[in-house]
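# Inside the fold
Residues per chain are reported as follows:
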Amino acid sequence: MMGNKRFVAKATVLLAALALVAGACGSDDPESDSLKVGFSGQPDFTQIMNFTWIDTLNEEHGIAAEAVIFEGTSPPFRALVSGDVDMVVGQVPPGIKLRAETGADVVMIAGDVRQSDYILVSSPDVTSLEQLYGRQIGTAGPGAVSTSLSVAALTREGIDIGQLEFVEVGGTSARMAALVSGQTAAGAAHFAEGFNAVEEGLYPLYVIADAVGPYLFHGVWVDRAWLEENPNLAQLAMDEFIDSVRWAANNKAEYIAEAATVTEGLSDAAKSRAYDEFIRIGLFAVNGGLQPELLQATISIEQEVDNLPAQVEDPSNWVVTDLVDDYLDRNGTQ
C-alpha cells in the first residue's frame, strides 16, 4: 500500500509546533469517522488509485471509508442527494444536469483523470474508421461518456455520424462481448480492457484521446451542505485523493501490482500497455483537476455532441477549489 506521503509546510518552526499541538488536541480532527463514496460501474484499471485512496483512509487514518458501486452514471448522484453516500467519483455532465433539473446543490471539489482512456475497438474486418459506415457501434446508452466521446472523436475525424448506428449494449465488458459475438462492429473500451480484447483477436481501431484532447473524466462531487458540515474530513479525503493520483502517475510497477486486487481477467501485457498509454496522453490529473481550461474543454466537448445545452451554469457556481488550493499551497504543483 501507499505510505503517508504528505508533509505540511509551515511558515516557521514555531507555527509548525503550534499546529502539532492543535492537532494533538483534536482541533483539526475529522468530524466523522466514516465516508461512503459512490462510483459508477465496476472498478476498472483506470481507477486503481481510487481504491488505494479508500484503503489509505481506512488503514492510515482510521476512517471507515467504503466504496459503493452503482450501475449507470446517474444513480450515484441520486444517492448523493438522498444522503446514501457522502461523495461521488463521477462524470461531469450528470452533476451539471442534476443541478439544472432538480436544483440540488452538488459541487465538484477535485478531479483525477484529465483525458479519456477509451480506445475504440473493432471486429477484425474493420481496420479504418470509414469501414464503420452502415455498421453498429456498441455504447452504454445515450448520455454516457462512452457514447459522447465516441461521437466527438469520430466527428472530429470527419466521419458522418448519421451513417452510423449506435446501439446500447452496456458497459465495457458488455461492449467487448457484443463485438466478439458479432452483434456490433465496434465499441469503446478502457485501455486495459481494450488491449486485452485485442490480444483475443479484436482490432485497436482508434485512441479517442488523440481526437478529443483534455477532458475531465472523473470529478469528486459532494453536497455543499455536507461539505460545510465536514470541512476537516473533506480536506483529509482530498489530501489523500490527490496523493493517490500522484502515486499512480509515478509508480507503474506498484500501480499494476495493486490492480490485481481490484480488477480481474487482464493480462500483464495489457496492463503494461495501458499504463504506458496513460503516461503518453497525460491521463492523471496530478494537480487536482480543477483548472478552468480543463473544465471548459470538458463542457465544450459535451456541448458538441448535444449532451449538454449551449448554455450551462457558470462553473464558479458548482466548482469549489478551496480544498485543492489548500493542498497545492502545502505540497506544490507537479
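When the pLDDT values of the protein are averaged, the result is 90; 92% of them are 70 or greater. A low-confidence stretch, residues 1-27 (pLDDT under 50), is modelled with 32 contacts involving residues beyond four sequence positions or located in other chains.

Let us look at the pattern of salt bridges. Counted by the stated rule, this structure contains 11 salt bridges. Between R99 and D105 there is a salt bridge; the shortest N-O distance is 2.7 Å. For D105, a relative accessible area of 29% puts it in the partly exposed group. Two residues, E304 and R156, come together in a salt bridge whose shortest N-O distance is 2.6 Å. Of this pair, E304 sits in helix α13 (residues 292-304) while R156 sits in helix α5 (residues 145-156); the two residues are 148 residues apart in sequence, bridging distant segments of the chain. By relative accessible area, E304 is classed as partly exposed at 43%. The class of R156 is partly exposed, set by a relative accessible area of 37%.

In spatial order, the strands read β2-β1-β3-β10-β4; together these 5 strands make up an open sheet with mixed pairing. The open sheet is flanked by β2 (64-70) and β4 (106-113), the only strands paired with a single partner. In this sheet, adjacent strand axes meet at a mean angle of 25° when their direction is disregarded. Taken together, the 6 bridges between β4 and strand β10 (residues 218-223) define a ladder with antiparallel strand orientation. Its bridge partner lying in β10, A110 is registered against V220. Packing against the sheet, helix α10 (residues 231-250) makes contact with β1 (34-40), β3 (87-90), β4 and β10, and its axis sits at approximately 20° to β4.

To continue, consider the packing of aromatic side chains. Here the structure, examined in full by the defined rule, presents 17 aromatic pairs. Three or more aromatic residues joined by ring pairs make a cluster, and in this case those are F45, F191, F195, W247, Y255, Y275, F278 and F284.

Successive side chains on a regular strand alternate, one facing one side of the sheet and the next facing the other. Extensive coverage of strand β8 (residues 186-190) is indicated by the burial of 5 of its 5 residues. Side-chain alternation along β8 places A186, A188 and H190 on one buried face and G187 and A189 on a second face that is also buried. The pairing of strand β5 (residues 118-122) with β8 spans 5 bridges and is antiparallel. What sits directly across from S122, in β8, is A186. Inspection of the sheet shows strand β6 (residues 136-139) paired to β8 by 2 bridges, in the parallel sense. Bridge pairing links G138 to G187 in β8.

For any two helices packed against each other, the geometry comes down to the angle between their axes and how far apart the axes lie. Remark: α10 packs on helix α11 (residues 252-259), axes separated minimally by 6 Å, with the N-to-C direction vectors making an angle of 110°. With respect to each other, α10 and α11 are oriented roughly perpendicular. Contact with α10, carried on its side by W247, A248 and N250, involves K252, E254, Y255 and E258 of α11 and no other residues of that element. Its residues placed into classes, the contact of α10 with α11 shows 3 nonpolar, 1 polar and 3 charged.

Of note in the backbone geometry, D306 takes a positive phi value of approximately 60° without being a glycine. Relative to the assigned elements, D306 resides in the loop between α13 and α14 (322-331). When its relative accessible area of 69% is taken as the criterion, D306 is described as exposed.

A separate point is the side chain of T263. Its place among the elements puts T263 in the loop between α11 and α12 (268-281). What T263 contacts, discounting residues up to four positions off in sequence, is P43, D44, F45 and I48.

Here the focus is the sheet that holds β6. Strands sit in the order β7-β6-β8-β5-β9 across an open sheet of 5 strands; the sheet is mixed. Single-partner strands in this sheet number two, and they are β7 (165-168) and β9 (203-207). Strand-to-strand twist of the sheet, defined as the mean angle between neighbouring strand axes without regard to direction, takes the value 35°. In this sheet, β7 lies alongside β6 in parallel orientation, the contact comprising 4 bridges. Along β7, the bridge assignment pairs G138 with V167.

Spacing of three or four residues puts side chains on the same side of an α-helix, whose turn is 3.6 residues. For α10, spanning 20 residues, the distance from its first C-alpha to its last is 29 Å, which sits close to the expected 28 Å at 1.5 Å a residue. Of all 20 residues in α10, 17 are buried; the element is thus mostly enclosed.

Once that is clear, we can look at the environment of P93. Relative to the assigned elements, P93 resides in helix α4 (residues 92-102). Spatially, the C-alpha atom of P93 lies 9.6 Å from that of S74, the residues being 19 residues apart in sequence. If sequence neighbours within four positions are ignored, P93 has contacts with Y215, E302, N307 and L308.

Calculation criteria
- Residues numbered from 1 in each chain as written.
- Predicted model: local features only at pLDDT ≥ 70, side-chain atom pairs only at ≥ 80, totals over all residues.
- Heavy atoms only, no water.
- pLDDT = per-residue confidence, 0-100.
- Contact = heavy atoms within 4.5 Å.
- Salt bridge = Lys/Arg side-chain N within 4 Å of Asp/Glu carboxyl O.
- Buried < 20%, exposed > 50% of the residue type's maximum accessible area, 1.4 Å probe, protein only.
- Helix = DSSP H or I, 4+ residues; strand = E, 2+ residues; numbered from the N terminus.
- Pairing = 2+ DSSP bridges.
- Axes fitted to C-alpha atoms, helices over the stretch in contact; angles between N-to-C directions.
- Phe/Tyr/Trp six-rings, centres within 6.5 Å; stacked < 30°, edge-to-face > 60°.
- Parallel < 35°, antiparallel > 145°, perpendicular 65-115°, else oblique.
- Nonpolar A, V, L, I, M, F, W, Y, C, P; charged D, E, K, R; others polar.
- Expected span 1.5 Å × (residues − 1).

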